[in-house]
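Coordinates in review
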Amino acid sequence: MNVWQFMLQNHTEVLELTLEHLWLVGVSTILAVLIGIPLGILIARWPALNKPVLGGANIIQTIPSLALFGFLLPAPWIGARADRLAILALLLYALLPLIRNTYTGIKGVDPAVVEAGRGMGMTTRQLLWQVQLPLALGVIIAGVRVAVVISVGLATIAAAIGAGGLGEYIFRGLAMVNDSVILAGAIPAAVLALLADVSLGWLEKRLSPR
Amino acid sequence: MTNPAPSPAIEFHNVSYRLSNGHELLRNLNLEVQPGETLVLLGRSGSGKTTTLKLINQLLTPTEGDVLVNARSTRAWDAIRLRRSIGYAIQEVGLFPHFTVARNIGLVPQIEAWPAARIQRRVEELMQLAGLDSQLASRYPRELSGGQRQRVGVARALAADPPILLMDEPFGALDPITRAELQREFRSLQSRLKKTVVFVTHDLREALLLGTRIALMESGHLVTVLPSGEFVHSPDPLVADYVDAFDSEISRGRKRAQP
């Protein structure tokens with residue numbers, strides 16, 4: 001049975017796992033955006049926080065994903081359910097590109113434009129919301145894009161701790177030594193990653209100041 | 001009975017400005033700007049002109065001495081209030097690239113929370129005043145010519161009708177013909193509006209054309225302040241050097257043009 005026949009036969013399960021996958025990626029990305037972008041703004045404002053925050057996010061990035069899932073297992077409320085665990089791990093991995101791009105984006109705004117705003121009496125908050133964030137938006141979206149594409153790939157490993165998603169097929173296929181089953185997980189995951197990349201790339205282009 | 005002399009709009013009292021690394025950008029500056037006059041700060045790059053300008057709207061704070069605006073030290077002013085009562089125009093880079101012309105011009109009224117209809121009326125009025133076609137209102141700065149961008153910059157500085165205007169080489173990036181046109185217009189505008197203007201330039205001709213008085217600066221010092229009519233005849237060697245440099249540039253150009 002080739003991969004297409006397999007997917008056709010199990011289309012409800014394929015759909016279910018794809019939705020599970022999307023859910024893991026979606027929830028973790030939204031949470032990571034809510035944490036990462038404010039952190040990026042924070043370290044752009046207070047340079048002293050720059051090293052510890054970016055350093056921390058960097059260290060997380062170096063932990064092998066399987067090990068990170070394992071580390072988090074004993075955590076109280078989180079460890080109780082595999083999907084919570086997976087979401088937390090994915091969130092942690094997504095932080096670095098979000099923090100770094102927000103920081104880079106804000107720092108990359110032409111200093112003359114910011115000074116003109118200050119010189120005309122804009123408050124720090126007005127500068128942030130009306131000048132720095134809008135002008136950094138393209139770079140920030142680029143960070144979201146990187147984070148999402150990484151997450152889609154990483155989320156396949158979440159199946160190893162029983163969190164579901166398209167990794168189920170990959171691990172099942174590996175155990176059965178069946179390429180078709182592996183591909184039934186890998187192909188939809190790749191398509192998801194590509195779709196996310198293309199659509200966020202389009203958004204990035206639209207929101208970048210021309 | 002005579003009226004008492006009006007108090008200066010801006011005063012510098014023994015002002016020095018040093019960077020945190022100890023490098024001194026401005027030393028012991030004493031200067032007064034009278035209400036309604038255009039004071040030109042003239043000097044070469046690095047002479048401290050822009051530093052002087054930024055001390056007025058508290059983008060910089062003096063390390064020694066005091067800058068007074070309307071007889072009140074800039075340290076005592078709330079920086080935000082102070083800046084909103086002073087118009088600020090710099091070279092074209094100061095326009096917000098993601099704002100339309102109308103939003104750029106209406107910036108200070110907007111952060112001052114004027115009602116939308118009043119902002120719109122004011123923007124229309126200013127565009128007319130600055131010689132901008134009303135069709136340009138919805139354009140972005142990158143869609144304008146250099147001269148148009150500069151007009152937007154001047155209009156934006158005038159938006160909330162501030163009594164004081166700070167201009168940092170506002171016409172510096174323009175071609176000579178457009179520059180001359182904007183200088184002429186600015187002069188006639190100023191003769192009607194009677195703002196207190198501090199104008200930074202390195203161009204002697206611009207200084208002579210626009211200034212009521214000219215303050216020549218050289219490596220962080222004020223060399224002298226003279227009414228613009230007396231400037232070219234000053235015996236001060238540093239002034240003479242500056243004037244000569246421009247003179248020879250002009251005469252060389254003329255000689256080359258003659259066959």
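Calculation notes
Residues numbered from 1 in each chain as written. Chains lettered and ligands numbered in written order. Predicted model: local features only at pLDDT ≥ 70, side-chain atom pairs only at ≥ 80, totals over all residues. Heavy atoms only, no water. Phe/Tyr/Trp six-rings, centres within 6.5 Å; stacked < 30°, edge-to-face > 60°. Helix = DSSP H or I, 4+ residues; strand = E, 2+ residues; numbered from the N terminus. Buried < 20%, exposed > 50% of the residue type's maximum accessible area, 1.4 Å probe, protein only. Contact = heavy atoms within 4.5 Å. Buried area = accessible area lost by both parts, 1.4 Å probe. Salt bridge = Lys/Arg side-chain N within 4 Å of Asp/Glu carboxyl O. Polar contact = N/O pair within 3.5 Å; in protein donor to acceptor, adjacent residues only side chain to side chain. Nonpolar A, V, L, I, M, F, W, Y, C, P; charged D, E, K, R; others polar. Pairing = 2+ DSSP bridges. Expected span 1.5 Å × (residues − 1). Axes fitted to C-alpha atoms, helices over the stretch in contact; angles between N-to-C directions.

**Comments concerning the packing of aromatic side chains**
Residue and element names in this part refer to chain B.
- Overall, the coordinates contain six aromatic pairs over all chains when judged by the stated rule.
- Summarising the aromatic geometry, the rings of Phe-186 and Phe-199 are spaced 6.0 Å apart at their centres and angled 45° between planes, so their arrangement reads as tilted. Taken together, the residues span a long stretch of sequence, with Phe-186 in helix 7 (residues 176-193) and Phe-199 in strand 8 (residues 196-201) at a distance of 13 residues. Neither residue differs from the other here; Phe-186 and Phe-199 are each classed as buried.

**Topic: the interface of chain A and chain B**
- Each partner contributes to the interface: chain A provides 18 residues, whereas chain B provides 22 residues.
- Taken together, both faces of the contact between chain A and chain B bury some 1,800 Å²; the carbon and sulfur share is 62%.
- Between Lys-54 of chain B and Glu-115 of chain A there is a salt bridge, and its shortest N-O distance comes to 2.8 Å.
- The interface formed by chain A and chain B contains five residue pairs in polar contact (both at pLDDT 80 or more).
- When contributions to the side of chain A that touches chain B are tallied by element, the ones reaching two or more residues are helix 7 (111-119) and helix 8 (124-154) of chain A.
- Its residues assigned to classes, the side of chain A that touches chain B comprises eight nonpolar, six polar and four charged.

**Some words on the sheet that holds strand 2 (residues 24-33) of chain B**
Residues and elements named next belong to chain B.
- The antiparallel open sheet is built from four strands, whose spatial order is 2-1-4-5. Edge strands, defined here as strands with exactly one partner in the open sheet, are strand 2 and strand 5 (72-73).
- When strand 4 (residues 64-69) meets strand 5, the two strands line up antiparallel, connected through two bridges. The residue of strand 5 that forms the bridge with Val-69 is Arg-72.

**Regarding the pattern of salt bridges**
- Under the definition given, this model contains 19 salt bridges over all chains.
- Note that Glu-13 of chain A is salt-bridged to Arg-172 of chain A, the shortest N-O span being 3.2 Å. Taken together, the positions of Glu-13 of chain A in helix 2 (residues 11-45) and Arg-172 of chain A in helix 9 (residues 167-176) put the pair 159 residues apart, joining distant regions of the chain.
- When salt bridges with common partners are traced through the structure, they connect Arg-18, Glu-24, Arg-27 and Glu-64 of chain B into a single cluster.

**Re helix 3 (residues 50-62) of chain A**
- Helix length check: helix 3 of chain A (13 residues) gives 18 Å between terminal C-alpha atoms against 18 Å at 1.5 Å per residue, within 8%.
- On its buried face, helix 3 of chain A is in contact with helix 2 and helix 6 (82-107) of chain A.

**Quick notes on the side chain of Ser-151 of chain A**
All names here are of chain A.
- Counting through the fold element by element, Ser-151 comes out in helix 8.
- Among the residues examined, Ser-151 registers a relative accessible area of 2% and is labelled buried.
- Apart from residues no more than four positions distant in its own chain, Ser-151 is found in contact with Val-25, Ser-28, Thr-29, Leu-90 and Ala-94.

**As for the sheet that holds strand 8 of chain B**
Residue and element names in this part refer to chain B.
- An order of 6-7-8-3-9-10 is seen for the six strands of this open sheet, with the pairing classed as mixed. One side of each edge strand has no neighbouring strand; the edge strands of this open sheet are strand 6 (86-90) and strand 10 (221-227). Adjacent strand axes in the sheet meet at a mean angle of 15°, parallel and antiparallel pairs treated alike.
- Each of strand 6 and strand 7 (164-168) is contacted by helix 6 (residues 146-158), which is oriented at about 165° to strand 6, the strand it contacts most.

**Here we look at the environment of Val-191 of chain A**
- With respect to the helices, strands and loops of the structure, Val-191 of chain A is situated in helix 10 (residues 179-207).
- Linking Val-191 of chain A and Val-152 of chain A, residues 39 residues apart in sequence, is a C-alpha distance of 9.8 Å.

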